[in-house]
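Tertiary structure, described
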Amino acid sequence: MNFNWKDFVGKNSFYVYSSLFFLAWITFFDSANLITQFKLWSKLQGYEDQIEYYDEELEKLREKERSILSDKDALETYGREKYLMKKEGETVFVIVDEDGELLEEVE
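First things first, this report covers the structure right here in the doc. (Residues numbered from 1 in each chain as written. Predicted model: local features only at pLDDT ≥ 70, side-chain atom pairs only at ≥ 80, totals over all residues. Heavy atoms only, no water.)

**Let's talk about the overall build of the chain**
When helices and strands are tallied, the chain shows four helices and zero strands. Scanning the chain from its N terminus toward the C terminus, one meets helices and strands in the order α-α-α-α. Relative to the globule expectation of 13 Å for 107 residues, the C-alpha radius of gyration of the chain, 32 Å, shows a markedly less compact shape. Dimensions of the chain along its principal axes, counting C-alpha atoms only, are 100 × 35 × 25 Å. Buried residues in the chain amount to 4% of all 107 residues. (Helix = DSSP H or I, 4+ residues; strand = E, 2+ residues; numbered from the N terminus. Rg over C-alpha atoms; globule rule 2.2 N^0.38 Å. Buried < 20%, exposed > 50% of the residue type's maximum accessible area, 1.4 Å probe, protein only.)

**Notes on the packing of aromatic side chains**
Throughout the structure, instances matching the rule amount to ten aromatic pairs. Relative to Tyr54, the ring of Tyr53 has its centre 5.2 Å away and its plane inclined at 65°; by these criteria the two rings are edge-to-face. By relative accessible area, which is 42% here, Tyr53 ends up partly exposed. With relative accessibility at 52%, the residue Tyr54 sits in the exposed group. Following the ring pairs from residue to residue traces out a cluster consisting of Phe21, Trp25, Phe28 and Phe29. (Phe/Tyr/Trp six-rings, centres within 6.5 Å; stacked < 30°, edge-to-face > 60°.)

**Topic: the environment of Thr27**
Its place among the elements puts Thr27 in helix 2 (residues 13–29). Remark: the alpha-carbon pair of Thr27 and Glu59, spanning 32 residues in sequence, is separated by 42 Å. In contact with Thr27, not counting residues within four places along its chain, are Asn33, Leu34 and Ile35. Among the polar contacts made by the side chain of Thr27, one reaches the main-chain carbonyl oxygen of Leu23 at a distance of 2.6 Å. (Contact = heavy atoms within 4.5 Å. Polar contact = N/O pair within 3.5 Å; in protein donor to acceptor, adjacent residues only side chain to side chain.)

**A look at the environment of Gly79**
Locating Gly79 in the fold gives a position in helix 4 (residues 72–83). Each residue touching Gly79, except ones within four places of it in the same chain, is listed here: Leu84 and Met85.

**A word on a nonpolar patch on the surface**
A contiguous nonpolar surface patch, about 590 Å² in accessible area, is contributed by Phe21, Trp25, Phe28, Phe29 and Ile35. Looking at the nonpolar patch, the element that brings in the most residues is helix 2, giving four residues. Relative to the helices and strands, Ile35 is located in helix 3 (residues 34–70). (Patch = residues over 30% accessible without salt bridge, like charges linked within 9 Å, V, L, I, M, F, W, Y side chains within 5 Å. Areas by Shrake-Rupley, 256 points an atom, 1.4 Å probe, with all protein chains shown as cover. Salt bridge = Lys/Arg side-chain N within 4 Å of Asp/Glu carboxyl O.)

**Here's the deal with the pattern of salt bridges**
For the structure on display, the rule yields six salt bridges. Here Arg80 and Glu76 are joined by a salt bridge, their closest N and O atoms 3.3 Å apart. Taken together, the residues span about one helical turn, with Arg80 and Glu76 both in helix 4 at a distance of four residues. The salt bridge partner of Glu76 is Lys87, with a shortest N-O separation of 3.4 Å. Linking Glu76 in helix 4 with Lys87 in the segment after helix 4, this pair joins segments that are eleven residues apart in sequence. By relative accessible area, which is 32% here, Glu76 ends up partly exposed. Given the relative accessible area of 47%, Lys87 is considered partly exposed. Connected through salt bridges with shared partners, the residues Glu76, Arg80, Lys87 and Glu90 form a single ionic network.

As structure tokens, then:
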């Protein structure tokens, strides 16, 4: 029992050509063609990766916030380093470059 493509296409030519036309249409010509759908899917994957990255960064920042707010000494150190706060009677020297930006910023 051999399958003969010529006989199959000859008997079902309308269905074969209609199917080929339909496949060509949805692949290239339709407004929601397969090529556009693949590009959109790739873009979506990129956005999902970004969401995952920012969720991880947000969790790191929340952990840092918890650790700073729970310890008074850490809060004082953070205020001094980040916002250049000082105690009364204390002198703070800030070194900046030509653009007026801090030369060294402690994270």
